[in-house]
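Overview (structure and organization)
So the chains spell out like this:
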Amino acid sequence: MTVHGGIDPAIAADVRRGERLEWWTLFWMSSVIVLMWLTMGASQAMKSAVIEDFLSLVPAIVFLLAARWERRDPNRRFPFGYRRGNSLAFLIAATALLSVGAFLSYESITTLIRREHPTVGGVTLFGQTVWLGWLMIAALVYSIVPPIILGRIKQPVAERIKDKVLHTDALMQKADWQTGLAGIAGIVGIGLGWWWADATAALFIALSIVKDAIGALDQAVAELLDGTPRKLASNELSDDAEDLIAALKARYGDVSVRLRETGRYIDAEVDCPSPADVPTATDLMGDDAAWRLASLSFRPEPSDPPA
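Now for a look at the structure at hand. Predicted model only: the values in this text are computed from it and were never measured.

1. Observations regarding the nonpolar core
Counting 24 residues, the largest nonpolar core has Ile-11, Val-15, Ile-161, Val-165 and Leu-166 as the members making the most contacts within it. Broken down by secondary-structure element, the contributors of at least two residues to this core are helix 1 (9-39), helix 3 (57-70), helix 4 (85-114), helix 5 (132-161), helix 6 (164-191) and helix 7 (195-224). Every residue in contact with Leu-166, bar those within four places of it in the chain, is listed here: Gly-18, Glu-22, Phe-63, Lys-154, Val-157, Ala-158 and Ile-161. In this structure, Ile-33, Val-50, Ile-137 and Ile-187 belong to the second largest nonpolar core, which totals 20 residues.

Given below as structure tokens:
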């Protein structure tokens, strides 16, 4: 019952689906970035949206890299394989999310403090002068559609394969379409003469990103420090981890059970003598979640439970 390397066959198809979704993300979000850059003008909200969209590519890239690392075979330097590559990718994705949120917050706050009045001029198209704001709004409307679709598709896949990188990317997609809506509000505000609307919209975008990033970063650090398996969307113990603890205690009595998360997998250690008949992962977690239990070990002499 020990997984040393590679992706478990039970989730291989979903991992490949996640990879396809991330390639589509790179394609569609690249088209959004180009269109937004061509129309952003002097708008702070548009500038924030472009930067946010650009950094939103980071989770997709690190997911693809982590999936490639995870498929590598164990070797002398990494005898347990590269399953923790997913944990490292999660930390990178969470850090990118926090970085963009912090930068955009700074930009928006300083703009409001300096009371900068953005201007949106006109542009000549086919011999007609058109207010650039209309083009900005059109670009922002386009920027909303791919993230809504991709984010909704990614969430159930991330849940099935317990992939926090893919889940963080779905959060980034949520931030993307929220950015589009806030950006539209900012451009409309400029058109109405509300100088503060643009920077305020950008600040709203930034603070929502920071909130999601702090939660993701907290989980990423806990995972790298051998923390107990968490839910994708919170710091609470995951349901399958609670079920595993309950199943082990039902078999071996009131023993100390320690779980740690290594990438998408769980390592379990029980403080009791090794039984003659070691249960299988299916016995403990059922058919659907059996792949998640990478190893189960027993300690002959119980140790003090963690505080």
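2. With respect to a nonpolar patch on the surface
Taken together, Val-188, Leu-192, Trp-194 and Trp-196 make up a surface patch of nonpolar side chains, about 410 Å² in accessible area. Within the secondary structure, Leu-192 is located in the loop between helix 6 and helix 7.

3. Focus: the pairing of strand 3 (residues 257-262)
The pairing of strand 3 with strand 4 (residues 265-270) spans six bridges and is antiparallel. Within strand 4, the residue paired with Leu-259 across the bridge is Ala-268.

4. Structural notes on the layout of surface pockets
Of the voids in this model, the largest pocket is the one considered here, and its volume is about 350 Å³. Forming the boundary of the largest pocket are 17 residues, of which Phe-80, Arg-83, Arg-260, Thr-262 and Asp-267 lie nearest the centre. Among the elements of the structure, strand 3, strand 4 and strand 5 (293-298) are those that each provide at least two residues to the lining of the largest pocket. At four residues, strand 3 tops the list of elements feeding residues into the lining of the largest pocket. The class makeup of the residues in the lining of the largest pocket is five nonpolar, five polar and seven charged. Quantified by volume, the second largest pocket comes out at close to 230 Å³. Residue lining of the second largest pocket: 15 residues in total, with Glu-159, Lys-162, Ser-238, Asp-240 and Arg-292 positioned closest to the centre. Of all the secondary-structure elements, those providing two or more residues to the lining of the second largest pocket are helix 5, helix 8 (239-252) and helix 9 (281-289).

5. Let's talk about the packing of aromatic side chains
Under the counting rule described, the total for this entry stands at four aromatic pairs. Relative to Trp-28, the ring of Phe-27 has its centre 5.2 Å away and its plane inclined at 80°; by these criteria the two rings are edge-to-face. With a centroid separation of 5.5 Å and 80° between ring planes, the pair formed by Tyr-252 and Phe-298 is classed as edge-to-face. Of this pair, Tyr-252 sits in helix 8 while Phe-298 sits in strand 5, and the two are 46 residues apart along the sequence.

6. A word on the side chain of Thr-39
By the secondary structure assignment, Thr-39 is in helix 1. For Thr-39, a relative accessible area of 9% translates into the label buried. One polar contact links the side chain of Thr-39 to the main-chain carbonyl oxygen of Leu-35, over a distance of 3.1 Å. Those residues in contact with Thr-39, other than ones at most four positions away along the chain, are Met-46, Leu-132, Leu-135, Met-136 and Ala-139.

Calculation criteria
- Residues numbered from 1 in each chain as written.
- Predicted model: local features only at pLDDT ≥ 70, side-chain atom pairs only at ≥ 80, totals over all residues.
- Heavy atoms only, no water.
- Core = buried A, V, L, I, M, F, W, Y, C linked by side-chain atoms within 4.5 Å.
- Buried < 20%, exposed > 50% of the residue type's maximum accessible area, 1.4 Å probe, protein only.
- Helix = DSSP H or I, 4+ residues; strand = E, 2+ residues; numbered from the N terminus.
- Contact = heavy atoms within 4.5 Å.
- Patch = residues over 30% accessible without salt bridge, like charges linked within 9 Å, V, L, I, M, F, W, Y side chains within 5 Å.
- Areas by Shrake-Rupley, 256 points an atom, 1.4 Å probe, with all protein chains shown as cover.
- Salt bridge = Lys/Arg side-chain N within 4 Å of Asp/Glu carboxyl O.
- Pairing = 2+ DSSP bridges.
- 1 Å grid on protein atoms, 1.4 Å probe; cavity = no way out; pocket = protein on both sides within 12 Å on 5 of 7 lines; lining within 4 Å.
- Points joined across faces, edges and corners; volume = space filled by probe spheres on them.
- Nonpolar A, V, L, I, M, F, W, Y, C, P; charged D, E, K, R; others polar.
- Phe/Tyr/Trp six-rings, centres within 6.5 Å; stacked < 30°, edge-to-face > 60°.
- Polar contact = N/O pair within 3.5 Å; in protein donor to acceptor, adjacent residues only side chain to side chain.

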